[in-house]
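Now for the letters of each chain:
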Amino acid sequence: MIRVLLADDHPIVRAGLSALLANAADIDVIGEVAKADDAVAWCTDTARSPQPDVVLMDLRFGEGMSGVEATRRIHALPRAPHLLVVTNYDTDADILAAIEAGASGYLLKDTAPAELLAAIRAAAAGESALSPSVATRLLTRVRATPDTVLTPREIDVVAQVATGRSNREIAKALHVSEMTVKSHLVHIFTKLGVGSRTAAVASARRQGLID
C-alpha cells in the first residue's frame, strides 16, 4: 500500500485528489495539510505513524514557506518520502527549482487521472515522473540550445536504468549522490523528448547509445 500525504492550500483540490486516490486499491491517503510548513512538520515528527511514502506537494501556498522550500527540507530528512509536485505552474524556473529541491516528479493539475496514478506509483518506486506537457516544455527549452546530445555520464545513467536499478542503486554504482542521478535523469528526459524511464531506455536503444 502506498501511503500518500496531500499538501495543497485549496480545500477543493485536496478533496478532488482524495476522492480520486480513494478509488485506487494500492493507494491510501493518510492525511491532508493546507500549508507547506505543516507538511514539513508531519514528515519530521518521528512519533507520528504512519509516515507517507509519497507527498503530493503544491508549489505555492497562501502563507508560510513555498512548496519548493518544503520539498527541499523534507527531501533532506534521513528517511524522506518521495515528493511529487502537483501544481498549476509550469515555468522553467518552477520546474527546475522543484527538481533541484528533490522532487521525484512534476505534474500539472490538469494531468489525466491515470497519469497521476502512474506518477504516484513511479515515485513510490523511486522513479522520476514528468507530465507530458512538462516534458515537452523542458524539451523545447533544451532544443533552444545546441546541447541536445547525451553526455557520457548520462549514457551511463541510462544504461543503469536499463538494468532495472533504482535511483539509489544507480547512485551507489556510479559513486554519485542520488540527487545527481535525478538531475541526470531530468536532462536525459528532456534531451530524448520522453517522460519516463522506460521511454528513455527505448529511445537510447533506438539511437544505439546502449545495448
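The following refers to the structure shown. (Residues numbered from 1 in each chain as written. Predicted model: local features only at pLDDT ≥ 70, side-chain atom pairs only at ≥ 80, totals over all residues. Heavy atoms only, no water.)

**A few points about the environment of A97**
Its place among the elements puts A97 in helix α4 (residues 92–101). For A97, a relative accessible area of 24% puts it in the partly exposed group. The sequence separation of A97 and E69 amounts to 28 residues, and the corresponding C-alpha distance is 9.4 Å. (Helix = DSSP H or I, 4+ residues; strand = E, 2+ residues; numbered from the N terminus. Buried < 20%, exposed > 50% of the residue type's maximum accessible area, 1.4 Å probe, protein only.)

**Section: the pattern of salt bridges**
If the charged atoms of two oppositely charged side chains come close together, the side chains can form a pair. With the rule as written, the count across this model stands at 12 salt bridges. With a closest N to O distance of 3.8 Å, D156 and R153 form a salt bridge. Linking D156 with R153, this pair stays in helix α7 (residues 152–162), spanning three residues, or about one helical turn. Taken together, the shared-partner salt bridges connect D8, D58 and K109 into one network. (Salt bridge = Lys/Arg side-chain N within 4 Å of Asp/Glu carboxyl O.)

**A few points about the sheet that holds strand β1 (residues 2–7)**
Read across the open sheet, the six strands follow the order β2-β1-β3-β4-β5-β6; overall the sheet is parallel. The open sheet terminates on both sides in strands that have one partner only, identified here as β2 (27–33) and β6 (129–130). As paired strands, β1 and strand β3 (residues 54–57) are joined by four bridges and run parallel to one another. If you follow V4 over to β3, its bridge partner there is V54. Helix-sheet contacts for helix α3 (residues 67–75) involve β3 and β4 (82–87), and the interaxial angle to β3 is about 165 degrees. Strand contacts of helix α5 (residues 113–124): β1, β2, β3, β4, β5 (105–108) and β6, with the helix running at about 155 degrees to β4, the strand carrying the most contacts. (Pairing = 2+ DSSP bridges. Contact = heavy atoms within 4.5 Å. Axes fitted to C-alpha atoms, helices over the stretch in contact; angles between N-to-C directions.)

**Notes on the packing of aromatic side chains**
Going through the model one piece at a time under the given rule, you end up with zero aromatic pairs. Sitting above the plane of the W42 ring, R48 keeps its charged end 3.9 Å from the centroid. Taking the ring centre of Y89 as reference, the NZ or CZ of R60 above it sits at 3.8 Å. (Phe/Tyr/Trp six-rings, centres within 6.5 Å; stacked < 30°, edge-to-face > 60°. Lys NZ or Arg CZ within 6 Å of the ring centre and 35° of its normal.)

**Section: the layout of surface pockets**
Taken as a whole, the largest pocket encloses approximately 560 Å³ of empty space. Surrounding the largest pocket, 25 residues form its lining, L77, P78, R79, A80 and P81 being those nearest its centre. Secondary structure elements with two or more residues in the lining of the largest pocket: α2 (36–44), β4, α8 (167–174) and α9 (178–192). Its volume calculated, the second largest pocket comes out at about 210 Å³. Lining the second largest pocket are 15 residues, with A118, A119, A129, G195 and S196 sitting closest to its centre. If you list the elements that add at least two residues to the lining of the second largest pocket, you get α5, β6 and α10 (197–206). The residue inventory of the lining of the second largest pocket, partitioned by class, reads seven nonpolar, five polar and three charged. (1 Å grid on protein atoms, 1.4 Å probe; cavity = no way out; pocket = protein on both sides within 12 Å on 5 of 7 lines; lining within 4 Å. Points joined across faces, edges and corners; volume = space filled by probe spheres on them. Nonpolar A, V, L, I, M, F, W, Y, C, P; charged D, E, K, R; others polar.)

**Let's talk about α2**
When we look at burial in α2, the residues that qualify are A36, A39, V40, W42 and C43. Down the axis, α2 shows its buried residues gathered within 160 degrees of arc, on one side only. Elements that come into contact with the buried residues of α2 comprise β1, β2, β3 and α3. (Arc of directions from axis to C-beta.)

**Concerning the environment of T46**
Along the chain, T46 turns up in the loop between α2 and β3. Residues T46 and T151 lie 105 residues apart in sequence; the distance between their C-alpha atoms is 41 Å.

**Focus on the packing of α7 against α8**
Describing two packed helices takes the angle between their axes plus the distance from one axis to the other. Packing of α7 against α8 leaves a shortest axis separation of 10 Å and a crossing angle of 130 degrees. Classified by the angle their axes make, α7 and α8 are oblique. Classified by chirality, the crossing of α8 by α7 is right-handed. Only I170, A173 and L174 of α8 make contact with α7, whose side of the interface consists of R153, D156, V157, Q160 and V161. When grouped by side-chain class, the residues that make up the contact of α7 with α8 number five nonpolar, one polar and two charged. (Parallel < 35°, antiparallel > 145°, perpendicular 65-115°, else oblique. Left-handed = near helix turned anticlockwise from the far one by under 90°.)

What is shown is where atoms sit, not what they do.
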